[in-house]
Amino acid sequence: MTVKEIFDTMDYGAAPESAAEALAWLVDGGDRFGHFIGGAMTEPGEVFEARNPATGEVLAHLTQASAADVDAAVAAARRAQGRWARIGGKARAKYLYALARLVQKHGRLFAVLETLDNGKPIRESRDIDVALVARHFYYHAGMAQLMEEELPGREPLGVCGQIIPWNFPLLMLAWKIAPAIAMGNTVVLKPAEYTSLTALLFAQICQEAGLPKGVVNIVTGDGTVGERIVAHPEVDKIAFTGSTAVGRRIRKATAGSGKSLTLELGGKSPYIVFDDADMDSAIEGLVDAIFFNQGQVCCAGSRLLVQEGIAGEFAARLVERMSKLRIGNPLDKSIDIGAIVDPGQLRHIEGLMARGGGEGHVHQPVPAPEGCFYPPTLVTGLSPSSLLMQEEIFGPVLVSTTFRTPTEAVQMANDTRYGLAASVWSENVNLALDIAPKLVAGVVWVNGSNMFDAAAGFGGLRESGFGREGGWEGLMAYTRPAGRAAPVKPAKPAAKPEEMEVGGLDRTAKLYIGGKQARPDGGYSQAVFSPKGRLLGHVSLASRKDVRNAVEAARAARGWASATAHNRAQVLYYIGENLSARAEEFAARLRDMTGTTAAKAGAEVAEAIDTLFTFAAWADKLDGAAKPVPMRGVALAMNAPVGVIGALCDDRPLAGLVSVIAPAIAMGNRVIAVASEAWPLAATDFYQVLDTSDVPGGVVNILTGPHEDLAKTLAGHMDVEAVWSFSSADLSGRIERESAGNLKRTWVNNGLARTWPARDWLAQATEVRTIWVPYGE
Ligand code: NAI
């Protein structure tokens, strides 16, 4: 091209980044790679190809891990874990810092290798992926440094199995490995089969950093390798990022195993533009939201909702902007859109477009080159229920519709089974900040999109998964309170005596639903006896229908979530006060039912009162945070209620009940508590305390009856957001399996009893929502 031609067209020339160093690294590796186990690379085994999606050329051959490979990796991680935990956070911090420095040092090699392997533009892998990876290790070096001081009494979980996707191969590796090893865990990580090369380069820098052998292990291969890691009995925790379908399978596969689990899954995130938005900025933001990484981003702003009055102009300007996007060789520094990761993914995008594109108008102002590329696409005129508005496309395809009012915008935004992220665009700060908390999303960007930082928690709601990565909140997923848990000792309720005095009055305690006593739907009840054989009364046996009624009542009480924290605190204090006024009566009930001593019964009542006062205190003190992110803005970490929580109580008749109710309602949740199956009567007496304590109807619902059936119904209910179980019947597997339907959060005891610190209760009762707002210079 001559200088004159350049001036005439004002077109970019080609500016390719050299692949020489990365290709040489692959050649040095012998083209065939094994796994990284116990600090060394293994010999290659049965191999599969790693290809460059932009050209189709084979880059290397990688080993499909066998069962023995996975066993060896887990064994290496297990051997290393004790010592890695014992050397302490400050010693671990030095290694994380070294890893951060080495990522920076080899930044160019990492970026080029990532682009070759994944097809993403070099501009992104260089300026975004690698930069965020280094930041993640720096940040978590700091977390390791501070662990003992700032997280006293917490310990690592052990060996973590980590399975990651192909859209941000190295960045997802960093998100998984950095917090895990900072807290003293060791890991077995499986990269996605399309994109394993930067993970193998990372293995090399683990060696360079002198990381103790076995702390990080990397095995390559397809989903069957992932399944083996998930099923491995020596793995204590699974952290997964990927599709909702696989997340659901993993939820079922780990059910009842005692493994902890975090899932970061798909999304269909709304991008809401109000008519007073700065249109140019909103369009630039949108280019970032949906065309970044070819739209292969779990939190991509893939669903455009534009206010009606500006929809026409907005679409025209957007199409004009799209026509300037450059699509092609990802190694070219001036390319905006690179290759789709794999021909299989390309077919997935094309298939969805073929099925749903006809429902709207398709705009594709720039053609895609031959090969594994898909052009930037806008589909306008869709209705909210259209296939393309609901399904995750995972490509550079933006779908759009219009709304009239802010209320309608919120309704449409939330009309999805996902809940990962959302963007709100308006120059009116009142409007934007009014809308942000109403969006069902783990992350909300105000006048921005796709911003990430190690300090800011990231993760979803609903079928986008559970758990957070990043920030202090991310560490909850890699630690637990120190100390051993003991097996639960189930209570032994008194059996029906041979001879029984039959009283005249029917004393059947009803259920407590929506602030009222309710007869059980099935009409069944059960007698409760004292250990000496005295009939103490009858309790209702709740059925599925009663659970459904309770869930409905709890949903209707949604106003509790927006009651002020001060108001919630007052109600909790009031419950505590009213309970203490009747302390003796409750203590007598406990003695009658359980045959315990007066001292122990009194202690249990005192404990319940103390719990109420503790969470009354916390109700207005669980501060959120303003995270200092390295860009113009702050990321607010807001503690929002989880929603409707179903909880099965342990066999402390009163303290067990109060222990779940107090933290749940303190944080704005509504709760359906299932009383101790063996000793339910104290819970039924508790209604009167609630009735006199200004608790709005539906905020607390109490059921009595068979735990196993009620747990199943609660866990399978689509309108329940979380299920907790401290039941003496070990229902953990059943609950976790049933919860896979809407991927609700679960917190189960796995047949073990332990005393959880208030912080853990509070974390379980809240969802951290990260709200990014513009702030400062
Ligand atoms: P995927 O969920 O199958 O792959 C993610 C990872 O899970 C890979 O490492 C894979 O080997 C592993 N895996 C697959 N099956 C497994 C199993 N049964 N047990 C354990 N690990 C298993 O995602 P895939 O098939 O590559 O992409 C399909 C769709 O998933 C995409 O079109 C997109 O919609 C979505 N997706 C979402 C991602 C996100 O970050 N939310 C990332 C990747 C894909």
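Everything below is about the structure printed above this text.
Structural notes, computed from the coordinates. (Residues numbered from 1 in each chain as written. Predicted model: local features only at pLDDT ≥ 70, side-chain atom pairs only at ≥ 80, totals over all residues. Heavy atoms only, no water.)

**Considering the pattern of salt bridges**
Logical step 1: All chains considered together, the criterion is met by 35 salt bridges.
Logical step 2: A salt bridge links Glu-234 to Arg-78; its shortest N-O distance comes to 2.8 Å. With a gap of 156 residues between them, Glu-234 in the loop between α9 (223-231) and β10 (237-241) and Arg-78 in helix α3 (residues 67-86) connect regions that are remote in the sequence.
Logical step 3: The exposure class of Glu-234 is partly exposed, given its relative accessible area of 36%.
Logical step 4: In this structure, Arg-555 engages Glu-721 in a salt bridge whose closest nitrogen and oxygen atoms are separated by 3.0 Å. Of this pair, Arg-555 sits in helix α18 (residues 544-556) while Glu-721 sits in the loop between α25 (707-716) and β32 (722-725), and the two are 166 residues apart along the sequence.
Logical step 5: Residue classification places Arg-555 among the partly exposed positions, given a relative accessible area of 21%.
Logical step 6: Glu-721 gets classed as partly exposed once you look at its relative accessible area, which sits at 27%.
Logical step 7: Here the salt bridges share partners, and the residues they tie into one network are Glu-17, Glu-21 and Arg-108. (Salt bridge = Lys/Arg side-chain N within 4 Å of Asp/Glu carboxyl O. Helix = DSSP H or I, 4+ residues; strand = E, 2+ residues; numbered from the N terminus. Buried < 20%, exposed > 50% of the residue type's maximum accessible area, 1.4 Å probe, protein only.)

**Here we look at the pairing of strand β35 (residues 766-773)**
Logical step 1: In terms of burial, β35 is a largely internal element, eight of the eight residues being buried.
Logical step 2: Of the two faces of β35, the one lined by Thr-766, Val-768, Thr-770 and Trp-772 and the one lined by Glu-767, Arg-769, Ile-771 and Val-773 are each fully buried.
Logical step 3: Sheet analysis places strand β18 (residues 443-446) next to β35, joined by three bridges and oriented parallel. Within the sheet, the bridge partner assigned to Val-444 lies in β35 and is Ile-771.
Logical step 4: Here strand β28 (residues 634-641) runs beside β35; their pairing, made up of eight bridges, is antiparallel. Opposite Pro-641, over in β35, you have Thr-766 as the bridge partner. (Pairing = 2+ DSSP bridges.)

**Things to note about the sheet that holds strand β5 (residues 58-63)**
Logical step 1: Read from one edge of the open sheet, three strands run β1-β5-β4, paired in mixed fashion. At either end of the open sheet lies a strand with only one pairing partner, and these are β1 (32-33) and β4 (47-51).
Logical step 2: In the sheet, β1 pairs with β5 via two bridges, with the strands oriented parallel. Looking at the pairing, Arg-32 lines up with His-61 of β5.
Logical step 3: Lying on the sheet, helix α8 (residues 197-208) is in contact with β1, β4 and β5; it crosses β5 at an angle near 65 degrees. (Contact = heavy atoms within 4.5 Å. Axes fitted to C-alpha atoms, helices over the stretch in contact; angles between N-to-C directions.)

**As for the sheet that holds β18**
Logical step 1: The 10 strands lie next to each other as β14-β15-β16-β13-β12-β17-β18-β35-β28-β27, forming an open sheet whose pairing is mixed. Each of the sheet's edge strands pairs with one partner strand only, and the pair in question is β14 (361-363) and β27 (625-627). The sheet shows a mean angle of 20 degrees between the axes of neighbouring strands, direction not considered.
Logical step 2: Pairing analysis gives four bridges linking strand β12 (residues 270-273) to strand β13 (residues 303-307), with the strands arranged parallel. Its bridge partner being in β13, Val-273 is matched across the sheet by Val-306.
Logical step 3: Sheet strands in contact with helix α11 (residues 279-291) are β12, β13, β15 (377-380), β16 (397-403) and β17 (421-425), and its direction is about 175 degrees off that of β12.

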